[in-house]
Amino acid sequence: MTGAATNQTFRTAIVPAAGLGTRFLPTTKAVPKELLPVVDTPGIEIVATEAAQAGAERLVIVTSPEKKSVVDYFSASPDLEATLERKGKTELLDKVRRAPALLDVEVAIQSEALGLGHAVAQAEPNLTDADEAVAVLLPDDLVLPAGVLERMSAVRAERGGSVLCAFDIPKQQISPYGVFDVTETGDPDVKQVHGMVEKPAPEDAPSTYAAAGRYLLDRAIFDALRRITPGSGGELQLTDAVALLIKEGHPVHIVVHRGGRHDLGNPGGFLRAAVDFALEHPDYGPSLREWLTERIEKTD
């Protein structure tokens, strides 16, 4: 695979972060879910780092008026930095400076939670004429290892249109997902999309390829979002807009990601991510592994 610079097809990434975080209440009364730390790094920074590594220069965080701290997290903290520098705490200083240095961060406000499509649409005024495509990263989804966006960008450079990330899920586990109807392209990890079925029974699933939280969308998606009909609860679904583009002949492909993922949207998934990241951490991994082994033996 060639590098991101060769196949760069987007400069702006959109992160929808306006949700209430109800599954993490009461904590999320005061702390946005996106700022909860996976070991020592908030999920929103992990996702922003992924976008920056794929070539994004700008991040548009779509959030609610009450969650301004999500955007503030990417601002410099001169007083804190000066204190850490004065005390010689260089490692902590580097951590504090890391997020603000990643990319330029802007905010778009979603006043009502009216679906993922509606959230993405709120970012359109932030775009420029140079934004022929945008990346959308769902902060609840950690796709591991990072790098799928670069692959998706390379596919768009070659084939045009929009490119989505997918996982190959065992058929008996497919029901909770949106599942793609696809045909082969000659590349085992790239499929052309002809449609999508939400949460099918295993016997009705058109494939075993399920949608993940990474999208590289042609600018035409915003026109499609204006033309789709809201579903239940008045929500605009991003998949409905993608389906409209497919119907009108717009090329859509998936990149099948062969790595892993974590769902930060619920406490159980968040804990798994924290343990996974902690086990790889040089400071915490060895002792955590030892403790987990002892703890599991006691449970058994």
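Residues numbered from 1 in each chain as written. Predicted model: local features only at pLDDT ≥ 70, side-chain atom pairs only at ≥ 80, totals over all residues. Heavy atoms only, no water.

As annotated in an unreviewed UniProt entry, the protein is UTP--glucose-1-phosphate uridylyltransferase from Amycolatopsis minnesotensis. Under Sequence similarities (unreviewed entry), UniProt gives the following word-for-word description of the protein: "Belongs to the UDPGP type 2 family." According to UniProt, the comment filed for the protein under the heading Catalytic activity (unreviewed entry) is "alpha-D-glucose 1-phosphate + UTP + H(+) = UDP-alpha-D-glucose + diphosphate". (UniProt positions renumbered as here; feature names shortened; annotations may be inferred.)

**Student:** Looking at this model, I keep getting lost on unusual backbone geometry. Mind explaining?
**Tutor:** What is expected of a backbone is that most residues other than glycine have negative phi and most peptide bonds are trans. Of note, the amide linkage connecting Leu25 to Pro26 takes the cis form, showing an omega dihedral of 10 degrees. Take Pro26: it is sitting in the loop between strand S1 (12–16) and strand S2 (37–38). A cis amide bond links Leu144 to the next residue, Pro145, at an omega of -10 degrees. You will see that Val39, though not glycine, has its phi angle at about 65 degrees, which is positive. Locating Val39 in the fold gives a position in the loop between S2 and strand S3 (41–42). By relative accessible area, which is 27% here, Val39 ends up partly exposed. One non-glycine residue, Lys199, adopts positive backbone phi at about 50 degrees. In this structure, Lys199 sits in the loop between strand S10 (190–198) and strand S11 (209–218). (Helix = DSSP H or I, 4+ residues; strand = E, 2+ residues; numbered from the N terminus. Buried < 20%, exposed > 50% of the residue type's maximum accessible area, 1.4 Å probe, protein only.)

**Student:** Looking at this structure, I do not really get the environment of Val190. What am I missing?
**Tutor:** Here Val190 lies in strand S10. Separated by 41 residues in sequence, Val190 and Gly231 place their C-alpha atoms 30 Å apart. Ignoring anything within four residues of it in the chain, the contact list for Val190 reads Arg151, Val155, Arg159, Thr185, His253 and Ile254. (Contact = heavy atoms within 4.5 Å.)

**Student:** Just checking my understanding: could you explain the UniProt feature "domain: Nucleotidyl transferase" (unreviewed entry) in the protein for this structure?
**Tutor:** Following the UniProt record, the feature "domain: Nucleotidyl transferase" (unreviewed entry) maps to residues 13–276 here. The span residues 13–276 is 30% helix and 27% strand, and its two end C-alpha atoms sit 26 Å from each other.

**Student:** Could you clarify how one ought to interpret the environment of Val143 in this entry?
**Tutor:** Residue placement: Val143 occurs in strand S7 (residues 141–144). Accessibility expressed as a relative area gives 3% for Val143, which makes it buried. In this structure the C-alpha to C-alpha distance between Val143 and Asp131, which are twelve residues apart in sequence, comes to 24 Å. Beyond its immediate stretch of four places on either side in the chain, Val143 contacts Val148, Phe167, Arg214, His257 and Gly260.

**Student:** I would appreciate a short explanation of the packing of aromatic side chains in the present structure.
**Tutor:** Describing an aromatic ring pair means giving the distance of the ring centres and the angle of the ring planes. For the structure on display, the rule yields two aromatic pairs. Ring geometry for Phe24 and Phe270: centres 5.8 Å apart, planes at 75 degrees, overall edge-to-face. Taken together, the residues span a long stretch of sequence, with Phe24 in the loop between S1 and S2 and Phe270 in helix H9 (residues 267–279) at a distance of 246 residues. Using a relative accessible area of 11% as the deciding quantity, one classes Phe24 as buried. Look at Tyr73 and Phe74: their rings are 5.4 Å apart centre to centre, the planes differ by 90 degrees, and that puts the pair in the edge-to-face class. (Phe/Tyr/Trp six-rings, centres within 6.5 Å; stacked < 30°, edge-to-face > 60°.)

**Student:** What should I look at first to understand the packing of H9 against helix H10 (residues 285–299) in this one?
**Tutor:** Packed helices, taken two at a time, are described by their axes: the angle between them and the distance between them. Where H9 contacts H10, the axes come no closer than 8 Å and their chain directions differ by 125 degrees. When the axes of H9 and H10 are compared, the pair comes out oblique. Residues Val275, Ala278 and Leu279 of H9 form the contact with H10, whose own contacting residues are Gly285, Leu288, Arg289 and Leu292. Considered class by class, the residues forming the contact of H9 with H10 number five nonpolar, one polar and one charged. (Axes fitted to C-alpha atoms, helices over the stretch in contact; angles between N-to-C directions. Parallel < 35°, antiparallel > 145°, perpendicular 65-115°, else oblique. Nonpolar A, V, L, I, M, F, W, Y, C, P; charged D, E, K, R; others polar.)

**Student:** What is the right way to read the nonpolar core from this model?
**Tutor:** If you look at soluble globular proteins, the nonpolar side chains tend to sit buried side by side. Within the largest apolar cluster, 46 residues are counted, with the highest numbers of intra-cluster contacts made by Leu59, Leu137 and Met152. Those residues within four positions of Met152 in sequence are excluded, and the remaining contacts are Val163, Leu164, Cys165, Arg214, Tyr215, Leu216 and Val255. (Core = buried A, V, L, I, M, F, W, Y, C linked by side-chain atoms within 4.5 Å.)

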